[in-house]
Amino acid sequence: MANIQEKIAKLYPEAVVEQADTLTITIDDARWHNLAQTLRDDFSMDYLVTIVGMDWKESLGCIYYLMSSKTNEIIAVKVSTTDRERPMLHSVADLWRVACLYEREVYDFFGIIFIGNPDMRRLFLNIDWKGYPLRKDYDEDPALNPVSIENERQSDLTDTWVEENGKVVKKEVQVFAPEDFVVNIGPQHPATHGVLRFRTAVDGEEIKKIDVYMGYIHRGVEKLCESLTYPQTLHYMDRLDYFSAHNYHHGLCLLFERAAGIEISRRAQVIRVMMDELSRIASHCLFIGTYCMDLGATTMLFYTLRVREQILDIMEKTCGARMTFNYDCIGGVMQDLAPDFVQDVKALLAVLPENIKEYNKIFTGNVIARKRMEGVGVLTREDAISYAVTGPSGRASGWACDMRKLKPYSIYSELDFNEVTATEGDSMARFKVRLLEIEESAKILAQLVDNIPEGEYCVKVPKVLKIPAGQYFEIVEGCRGAFALYLESDGTTKPYRLKIAPPCLTLAGVVDHITRGTKIADLITIGGSLDYIVPDMDR
Amino acid sequence: MEVTTKSMPYEAWKDNEYIEKLVNELKESGTNVIVGQLDKLINWGRSNSLWPLTFATSCCGIEFVSLGAARFDMARFGWEVARASPRQADFMMVAGTIVNRMVPVFRRLYDQLAEPKYVIACGSCAISGGPFRKSYHVAKGIEDIVPVDVFVPGCPPRPEAMIYGIMQLSRKVKVEKFFGGVNRQEKQQEFLESHPVSGVND
Ligand code: SF4
């Protein structure tokens, strides 16, 4: 780290480099693109974790979180502009493919225009939406943006802003070529796994281009969090990726605890990790079930849901709910474990191997399944990193991106488990990685189930929690990939800004890339194998 | 008349007042014996094979999936034929948050359901906006958008609660006047005039 700091200071003397929670570089917009290039090429910062849009009242800007796939270091770069009327920054969409999507998100929420981004449309809100909701001076008057049953205006055009002779000009470009035949799939379609919409240009059976339309379940969680106290914000984590409820809670609790300087007991840590791994098994089971159902093997759903129900029973006994558990809290967990917990987990571990064997027997070796999955939707390692496809989908492309290994949090560094990776990068690999991950999670559970230490399950925390002013960043592994959180605190009881960077957004962002040239029926296979959760990407 | 379904004892139902009100309305409207008996027969059939539309936007939808699986098994009640096309479905279980962008789509799906059609608002989001009520991009309950027959509270409601909700609906179906009632037929021309299509310019 010190190394990077020195080198950057030498190369860019005007940049301000400081070591806060993360190494943060502040640079002006004019030099930002050069710096980005240097960081990516010379410091192998090839994974763009997220772009946090910010409204600091006197200025608007972005914080780019970058991670190196080689050294696992994370750095942040801050770029801002004081122009509130027509804020502009330079795009880095040419360096990281995923940036195009992230920048659209920032544009949607803050109205910052990115010069050079090929597709500057709104992402979640409709074209005629008035105002930029995450700005601090946003007018929330429902009369401005009423709920309407009228169809929203559609456009086949998108904007791009380019620099010509020192001036920035706006250009309109067509999303699809004039001769393209565009088929609409979704938002109400059983195979899109939720309310996601694909505008698909096809040439006969072949997909030429997909324009992913999101926002059909955009619930404005980030804005809502700004008006809630820290403990209150936690419950939204259950409702993003509802299968990773425990993992997301865990992440946000870690963030708050680190920021507020709270140490939690070993018992709470073990309980949290066990719950995370149970969720992972349940989530992957549901994935296998629904995925096989998409491919026509309906009965698999009943087999896999059997295990999921067993896990839900374990959770229900302890947390009191089958979903939306709201279990991890600041300082530990809400309640102590149910008396039968250990016994139930052991019972689960005893039946898991048989079940996995059964799944393989019924489905994995099946000729039809193999024909439909092998070699379909190949994603290379470079593309996985550039598109920030993390989680099992990234690992299936050979990118070891498990945050439990790269940035071990809680007690993960003490545990013995393997990071499952594959090299094929096709749908089959994504399917198999998840199947194997169930076994790894079971391994973790087996190590912990007899070693749950005594102690308090929740330490005392102040009734009114205030977090010292500053910026904090946390990244954990959800069931579908890296889940990053950014908190900017101004020292009060509520977050000034809480940015949630979910894994599923990038999973949807890569659909266009990997479906090009495949058959339209493969869209179902590929979309299913990526396993995105729509409320998670839309927030 | 004690209206019940699936051998559930009449006293076990939570809100019998509303069904009694419906029964009275039915009685007062008056029909001749033959049509009345035919109505009963048809309603018996309809109430035991309500087909849902596969419609879920978020968390609540996952509990709906559980409902379809072996443990809660809604096939026991004749509701398992979840249809992906609204044209083939009888009712719509609105499981999940409805946000501004989804509203026109949702409304269109409702319009596409064939009469007689029903809506169950499932979960606090569909009822009132739930935990997201204060958001800038969430509809505060679906009642402003479509008429709702049954509300199932919860976040998410347990599958048992959903079963209870659909059973309430099937009870309601039993006391409807079918001929000349819910089975009304409109001429296409009249229908289109009363439901102008906007936003489509061709
Ligand atoms: S009611 Fe609760 S569980 Fe259901 S969609 Fe809303 S937030 Fe999710």
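Check the entry above for the structure.
The paragraphs below set out a description of the structure included in this document. (Residues numbered from 1 in each chain as written. Chains lettered and ligands numbered in written order. Predicted model: local features only at pLDDT ≥ 70, side-chain atom pairs only at ≥ 80, totals over all residues. Heavy atoms only, no water.)

1. A few points about the nonpolar core
Then, in step 1: Ranked by internal contacts, the top residues of the largest apolar core, which has 214 residues, are A:Tyr47, A:Tyr64, A:Met214, A:Phe431 and B:Ile142.
Then, in step 2: Ranked by residue count, the leading element in this core is helix H7 (residues 266–294) of chain A, at 15 residues.
Then, in step 3: Each of domain 1 (2–153) and domain 2 (221–538) of chain A gives at least three residues to this core.
Then, in step 4: Ignoring any residue separated from it by four or fewer positions in sequence, one finds A:Tyr47 in contact with A:Tyr65, A:Leu66, A:Met67, A:Trp96, A:Ile385, A:Ala388, A:Thr390, A:Trp399, A:Met403, A:Ile475 and A:Ala482. (Core = buried A, V, L, I, M, F, W, Y, C linked by side-chain atoms within 4.5 Å. Buried < 20%, exposed > 50% of the residue type's maximum accessible area, 1.4 Å probe, protein only. Helix = DSSP H or I, 4+ residues; strand = E, 2+ residues; numbered from the N terminus. Domains from an automatic or database assignment. Contact = heavy atoms within 4.5 Å.)

2. A few points about the site of the ligand
Then, in step 1: Residues in close proximity to the ligand total 14 residues, the closest being B:Cys59, B:Cys60, B:Ser124, B:Cys125 and B:Cys155.
Then, in step 2: Around the ligand the close residues trace back to chains A and B.
Then, in step 3: Mapped by element, the contributors of at least two residues to the shell around the ligand are helix H3 (59–68) and helix H5 (124–128) of chain B.
Then, in step 4: Residue composition of the shell around the ligand, grouped by class: 7 nonpolar, 6 polar and 1 charged. (Near = heavy atom within 4 Å. Nonpolar A, V, L, I, M, F, W, Y, C, P; charged D, E, K, R; others polar.)

3. Observations regarding the interface of chain A and chain B
Then, in step 1: With 50 residues of chain A at the contact, the number on the chain B side is 42 residues.
Then, in step 2: Counting the surface chain A buries against chain B, the share from its top three residues, A:Gln188, A:Arg219 and A:Arg322, is 17%.
Then, in step 3: In this assembly, chain A and chain B are joined by 5 salt bridges.
Then, in step 4: Between A:Asp313 and B:Arg71 there is a salt bridge, and its shortest N-O distance comes to 2.9 Å.
Then, in step 5: The interface formed by chain A and chain B contains 16 residue pairs in polar contact (both at pLDDT 80 or more).
Then, in step 6: Listing elements by their share of the side of chain A that touches chain B, those giving two or more residues are helix H4 (221–225) and helix H8 (299–319) of chain A.
Then, in step 7: Sort the elements by how many residues they give to the side of chain A that touches chain B and H8(A) lands first, with 7 residues.
Then, in step 8: Residues of the side of chain A that touches chain B, tallied by class, amount to 28 nonpolar, 11 polar and 11 charged. (Buried area = accessible area lost by both parts, 1.4 Å probe. Salt bridge = Lys/Arg side-chain N within 4 Å of Asp/Glu carboxyl O. Polar contact = N/O pair within 3.5 Å; in protein donor to acceptor, adjacent residues only side chain to side chain.)

4. Description of the sheet that holds strand S1 (residues 16–19) of chain A
Working definition: the strands of a sheet are paired by backbone hydrogen bonds and lie parallel or antiparallel to each other.
Residues and elements named next belong to chain A.
Then, in step 1: Taken in spatial order, the 5 strands line up as S1-S2-S5-S4-S3 in an open sheet, and their pairing is mixed. In the strand order of this sheet, the two ends are held by S1 and strand S3 (47–55), each with one partner. For this sheet, the mean inter-axis angle between neighbouring strands, taken without regard to orientation, is 20 degrees.
Then, in step 2: Relative to strand S2 (residues 23–26), S1 runs antiparallel, the two being bridged by 4 bridges. Within S2, the position partnered with Gln19 by the bridge is Leu23.
Then, in step 3: Helix H2 (residues 29–42) rests against S2, strand S4 (60–67) and strand S5 (74–81) of the sheet, and its axis sits at about 160 degrees to S5.
Then, in step 4: Sheet strands touched by helix H3 (residues 99–110): S3 and S4. Its angle to S3, the strand with the most contacts, is close to 10 degrees. (Pairing = 2+ DSSP bridges. Axes fitted to C-alpha atoms, helices over the stretch in contact; angles between N-to-C directions.)

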